[in-house]
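Listed below are the residues making up each chain.
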Amino acid sequence: MAPQAQTASKASQAPTTDPAAEEKLEAARNFTFHLLKGIKQIGMYRHNEARFPEFLTRATEALAAYTNKHGPLSLKVEQQNFMLHGEPTFSEDTPLPYKFFRDGIRQLIFRPGLTVAELVTFTLIALSEPERGAEDVLAQLWRSGLEHVEYVVVEGFKMDEVSEQEVEVEVDKVVGYLYSRLKTNSDDYLRFARLNAEDLDSKLEGVEQMRGLVVAGNYASDDLKARLQREITEEENARLFPKLMSAIFQVIEGGVDDTALIEEVFVQLLDAMLIQDDYGTINQIVLKMRSMAQRSPGSSIGSLLEHFVLKMGEEQRVMRVAEMLKSTRPKQPVDITRYLQALDASTIFTMLNALETIEIPENRLLVCDVLARFAQENPQPFVQRLESERPQTVRDMVYILEKSNHPERVKMFGLVMLNKNLAVKLEVMNIIARGRTAEARKLIFDAFNDPAAQVRMLAARLLPEFDRDKAYVDLVKLMKHPDFEKKSIEERTSVYTALGSTGLPGAISMLLQLIAVKPTLLNKKKVLEDKLLAIAGLAGACSIPSYKALQGVVEDKNQPVEVLNAARKAMYQTKKTLFGETSTTEEA
């Protein structure tokens, strides 16, 4: 090789940089950094659309700074990043580029003069989810008509009137030339990005058209990317972030004049942890602050803790927690419980509104357990919701009030008995019956006047669980009421069953007397009904005396066939309950 040629070769391999390209890249990365930050804030405050322009103001300013100096910003769209001069612009993984890549968009061009409103529209399109019913990104961009945003869509290689074999040959030439441009020992890594049409025309022979070119290489495997991601996460969580927290608290312990600045720092940390769903770290911050406040009473750390907890309980942050709990079972539910327990009573209504959005029963229970602590001191917000038309809301409020052990909670449950939803009333009656108090018994007894037969039947079943002697007196009085015979056979059966469940000798004796009555021609149907009701009462007793009484009825061949069959069935069911399984022959 000639000396001049050797010198030229070495010069081409020497490390060189392009300051202009580096300046553009840094300006573009500044724009994408603020864009990604704005997207995260919009995701966190999705309900507050009025603040979207505020979140994207910094990104708009960064883009304006680029376009005013360098002209339009043209970003190449790849699956995992936006590229400029062959370098990625996003410093962290984000699904944003793939949404455009999936629809065939290979280039995004931001023109000078882009407004905040246009960037908000572009961002909302990027955040949309076509897999959940939204239009695809390409259609939304076309409909939006963004004046200062352009995009290039590529479908693949295609040449009219040229065979696939010829296309393949021409593509190979294109790829070969581009690959030769990349194969160099030079440190000028932007060399390939400065490729122009004149260079390509001078190197390619017979290539008339190229479109949608993709240069493929050896990509990192999914396992390798997952391992690197884990290592980065461990580095951030196990080493960097704890060091940062330690440094901040050391500054606080050394004394801080600008308290507002420290408060803002902790609010930023709080939002960052909420975005990452890292509730454990937030709880550690609260514990550290409380410990410091106890060691130094009267210091500024107390007000800092109060401000931090106040920010934790603001609506947008509580709703962020609810959004996560809405349809996802958390890996560490204890951390979320501790987060909610740290909030003060001023967040009751916010937490109640958040509870309405949660769908998973376990997560609703988690929030209800936290709210029970507030209900003990201030039950009024929960009592108001007992009149809700949503059955699930009423169930939650009853659970909260019951768990709070408020001394007057049974009186509060009286409001539920006015609810029109039958299922809710029945469920609340079962909860009331657990109290075994005089107030609870009165509510159950008053349910005998309810217009719904199911409520009256449940009241009859629950009444003996309070006081058997009082229940016996009340049930006998109810049976002797003139209107009792007008009730349905099902409701009368429930009352007789409840009478037998008292297990009192007087109840068994009364039921046997009904079975021993001899019918006449005028009252034959009435006597048969009474006998069958008495059999149901003996079955409800489910005791040794009732079993013997049923056995005696079975042996009395003077009884009607219907009574004998009912008594035999009730006897075997009682025996099965008391002594275990009965034989198939006996049941037959």
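Here is what the cut-offs are and how they apply
- Position numbers for residues start from 1 in each chain and track the written sequence from start to end.
- Local features in this predicted model are restricted to residues of pLDDT 70 or higher, and side-chain atom pairs are both shown and tallied only at a pLDDT of 80 or more, whereas totals for entire chains, interfaces and linings draw on every residue.
- Processing note: side-chain calculations cover all non-hydrogen atoms of the structure and skip hydrogens and water entirely.
- To qualify as a helix, a DSSP run of H or I must reach at least 4 residues; to qualify as a strand, a run of E must reach at least 2; elements of each kind are numbered from the N terminus.
- Each residue gets one of three labels from its accessible area relative to the maximum for its type: buried under 20%, exposed over 50%, partly exposed in between, using a 1.4 Å probe on protein chains only.
- Here, residues are in contact when the closest pair of their heavy atoms is within 4.5 Å.
- With residues, only the protein chains shown are counted as cover, and all accessible areas are computed by Shrake-Rupley using a 1.4 Å probe.
- Here a pair means two rings of Phe, Tyr or Trp (six-membered ring of Trp) with centres within 6.5 Å. Their orientation is stacked below 30 degrees between planes, edge-to-face above 60, and tilted elsewhere.
- Here, over-ring charges are defined by two tests on the NZ atom of lysine or the CZ atom of arginine: distance to the ring centre within 6 Å, and angle to the ring normal within 35 degrees.
- Definitions used throughout: a 1 Å grid over protein atoms alone; a cavity as a set of points that fits a 1.4 Å probe which cannot get out; a pocket as an open set with protein on both sides within 12 Å along at least five of seven lines; a lining residue as one with an atom within 4 Å of a point.
- Grid points are joined across faces, edges and corners, and a volume is the space filled by probe spheres set on the points.
- Throughout this entry, Asp, Glu, Lys and Arg are counted as charged residues, while Ala, Val, Leu, Ile, Met, Phe, Trp, Tyr, Cys and Pro are counted as nonpolar. The remaining residues, Gly among them, count as polar.
- Any two strands between which DSSP finds at least two bridges are classified as paired.
- What makes a patch is a set of residues exposed beyond 30% relative accessible area and free of salt bridges, joined within 9 Å when like-charged and within 5 Å when nonpolar (Val, Leu, Ile, Met, Phe, Trp, Tyr).
- Note on definitions: salt bridges are taken to be side-chain nitrogens of Lys or Arg within 4 Å of carboxyl oxygens of Asp or Glu.
- Multiply 1.5 Å by the residue count of a helix minus one, and that product is the helix's expected span.
- Summarising the geometry, the arc corresponds to the directions from the helix axis toward the C-beta atoms.
- The term polar contact refers here to a pair of N or O atoms within 3.5 Å; inside protein, the definition further demands a hydrogen-donor-capable atom paired with an acceptor-capable atom, and it admits residues adjacent in sequence only when both atoms are side-chain atoms.
- To obtain each axis, a line is fitted to C-alpha atoms, and for helices this fit is confined to the stretch in contact; angles are then taken between N-to-C directions over 0 to 180 degrees.
- What sets the label is the angle itself: under 35 degrees gives roughly parallel, over 145 gives roughly antiparallel, 65 to 115 gives roughly perpendicular, and the rest give oblique.
- Left-handed is the label given to a crossing in which the near helix is rotated counterclockwise from the far helix by less than a right angle, and right-handed is the label when the rotation is clockwise.
- By nonpolar core is meant a set of buried Ala, Val, Leu, Ile, Met, Phe, Trp, Tyr and Cys residues that side-chain atoms within 4.5 Å join together.

A.B. asks: Looking at this model, I keep getting lost on the overall build of the chain. Mind explaining?
C.D. replies: On a plain count of helices and strands, the chain comes out with 30 helices and 5 strands. Looking at the 588 residues of the chain, the share that counts as buried comes to 40%. A sequence separation of at least 24 residues applies to 65% of the contacts in the chain between residues at least 6 apart. For the chain, the exposed surface amounts to about 33,400 Å²; the carbon and sulfur share of it is 52%.

A.B. asks: Sorry, what's going on with the packing of aromatic side chains here?
C.D. replies: How two aromatic rings sit relative to each other is set out by the distance from centre to centre and by the angle between their planes. Evaluation of the coordinates by the stated rule reveals 9 aromatic pairs. Ring centres of Phe 100 and Phe 122 lie 5.4 Å apart, and the angle between their planes is 10 degrees; on these two criteria the pair is classed as stacked. Taken as a pair, Phe 100 in helix H5 (residues 96–102) and Phe 122 in helix H6 (residues 116–127) lie far apart in primary sequence, 22 residues in all. Each of the two residues, Phe 100 as well as Phe 122, counts as buried. Above the ring of Phe 101, the side-chain terminus of Arg 106 is found at 3.7 Å from the ring centroid. Stacked on the ring of Phe 374, the Lys or Arg Arg 373 has its end atom at 4.3 Å from the ring centre.

A.B. asks: I'm lost on the layout of surface pockets in this one. Help?
C.D. replies: One water molecule sets the probe size; rolling that probe over the atoms shows where empty space is left. Taken as a whole, the second largest pocket spans an internal volume of roughly 290 Å³. In terms of residue count, the dominant contributor to the lining of the second largest pocket is helix H24 (residues 468–479) (3 residues). Residues that form the lining of the second largest pocket fall into these classes: 4 nonpolar, 2 polar and 6 charged.

A.B. asks: Sorry, what's going on with the pairing of strand S1 (residues 73–77) here?
C.D. replies: By the alternation rule, side chains of S1 split into Leu 73, Leu 75 and Val 77, which are all buried, and Ser 74 and Lys 76, of which none is buried. In this structure, S1 lies alongside strand S2 (residues 82–84), joined through 2 bridges in antiparallel fashion. By the bridge assignment, Val 77 is partnered in S2 with Phe 82. Where S1 folds back onto S2 in an antiparallel hairpin, the turn is made up of 4 residues.

A.B. asks: What's the story with empty space enclosed by the protein in this structure? I'm lost.
C.D. replies: Tallied over the full model, the rule gives 2 cavities of 30 Å³ or more. Approximately 60 Å³ is the volume attributed to the second largest cavity. Lining the second largest cavity are Val 318, Val 321, Ala 322, Leu 325, Leu 340, Met 351, Ala 354, Leu 355, Ile 358 and Val 367. Looking at the lining of the second largest cavity, the elements that each hand over two or more residues are helix H14 (315–327) and helix H16 (348–357). Here the lining of the second largest cavity gets 4 residues from one element, more than from any other, and that element is H14. Residue composition of the lining of the second largest cavity, grouped by class: 10 nonpolar, no polar and no charged.

A.B. asks: In this structure, what is going on with a nonpolar patch on the surface? I would like to understand it.
C.D. replies: On the surface, Ile 544, Leu 578 and Phe 579 cluster together into a nonpolar patch covering about 270 Å² of accessible area. Its relative accessible area of 53% is what places Phe 579 among the exposed residues.

A.B. asks: Quick question: what am I supposed to make of the pattern of salt bridges here?
C.D. replies: Any two side chains of opposite charge can pair, on the condition that their charged atoms come close. By the definition in use, this model includes 24 salt bridges. Among the salt bridges present, the one from Glu 427 reaches Arg 395, with a minimum N-O distance of 2.5 Å. Taken together, the residues Glu 427 in helix H21 (residues 422–433) and Arg 395 in helix H19 (residues 391–404) connect sequence positions 32 residues apart. When the shortest N-O distance is used, the salt bridge between Glu 485 and Lys 526 registers 4.0 Å.

A.B. asks: It is not clear to me how unusual backbone geometry should be interpreted in this structure. Could you clarify?
C.D. replies: Excluding glycine, a negative phi dihedral is what most residues carry, and trans is how most peptide bonds are arranged. We note that His 85 has phi near 55 degrees; this positive angle belongs to a residue other than glycine. On the basis of relative accessibility, which here comes to 23%, the residue His 85 falls in the partly exposed class. Despite not being glycine, Asn 405 has its phi angle at roughly 60 degrees, a positive value. Turning to its location among the elements, Asn 405 is positioned in the loop between H19 and helix H20 (409–413).

A.B. asks: So what exactly am I meant to see when it comes to helix H28 (residues 544–555) here?
C.D. replies: One full turn of an α-helix is made of 3.6 residues, so residues set three or four places apart face in the same direction. Relative to the 16 Å expected for 12 residues at 1.5 Å per residue, H28 spans 17 Å between its end C-alpha atoms, a close match to the ideal helical length. Listed in full, the buried residues belonging to H28 are Ser 546, Tyr 547, Ala 549, Leu 550, Val 553 and Val 554. One side of H28 carries all its buried residues, which in axial view fall inside an arc of 160 degrees. Along H28, the residues that are exposed and aim more than 90 degrees away from the buried face are Pro 545, Lys 548 and Glu 555.

A.B. asks: Where do I start with the side chain of Arg 492 in this structure?
C.D. replies: The residue Arg 492 is located in helix H25 (residues 489–501) in this model. Since its relative accessible area comes to 6%, Arg 492 is described here as buried. Among the polar contacts listed, one links the side chain of Arg 492 to the side chain of Glu 485, at a separation of 3.2 Å. Of the polar contacts made by the side chain of Arg 492, one reaches the backbone oxygen of Lys 487; its length is 3.3 Å. If sequence neighbours within four positions are ignored, Arg 492 has contacts with Phe 484, Glu 485, Lys 487, Glu 529 and Leu 533.

A.B. asks: In this structure, what is going on with the packing of helix H12 (residues 279–295) against helix H15 (residues 333–341)? I would like to understand it.
C.D. replies: Two quantities define a packed helix pair, namely the angle between the axes and the distance from one axis to the other. Packing of H12 against H15 brings their axes to within 8 Å, and their N-to-C directions diverge by 40 degrees. By the criterion of interaxial angle, the relationship of H12 to H15 is oblique. Once H12 is placed against H15, the crossing between them reads as left-handed. Of H15, the residues touching H12 (which contributes Tyr 279, Gly 280, Ile 282 and Asn 283) are Asp 335, Ile 336, Arg 338 and Tyr 339. Here the residues of the contact of H12 with H15 are counted per class, giving 4 nonpolar, 2 polar and 2 charged.

A.B. asks: Explanation requested: the nonpolar core in the structure shown.
C.D. replies: Grouped together as the largest cluster of nonpolar side chains are 144 residues, with contacts concentrated most on Phe 100, Phe 110 and Phe 382. If near-sequence neighbours (up to four positions away) are discounted, Phe 100 is found in contact with Val 77, Phe 82, Ile 105, Leu 108, Phe 122, Ala 126, Val 137 and Leu 141.

A.B. asks: What am I meant to see in the environment of Leu 343 here?
C.D. replies: Tracing the sequence through the fold places Leu 343 in the loop between H15 and H16. Here the alpha-carbon distance between Leu 343 and Val 309, two residues 34 residues apart in the chain, equals 6.2 Å.

A.B. asks: Help me out: how do you make sense of the sheet that holds S1 in this one?
C.D. replies: The strands that make up a sheet pair up through hydrogen bonds in the backbone, lying either parallel or antiparallel. Strand order in the open sheet made by the 5 strands is S3-S2-S1-S4-S5, with antiparallel pairing throughout. Edge positions in the sheet fall to strand S3 (87–88) and strand S5 (149–153), since each has one partner strand and no second. Here strand S4 (residues 105–110) pairs with S5 via 5 bridges, running antiparallel. Each residue of the ladder has a partner; that of Ile 105, found in S5, is Val 153.

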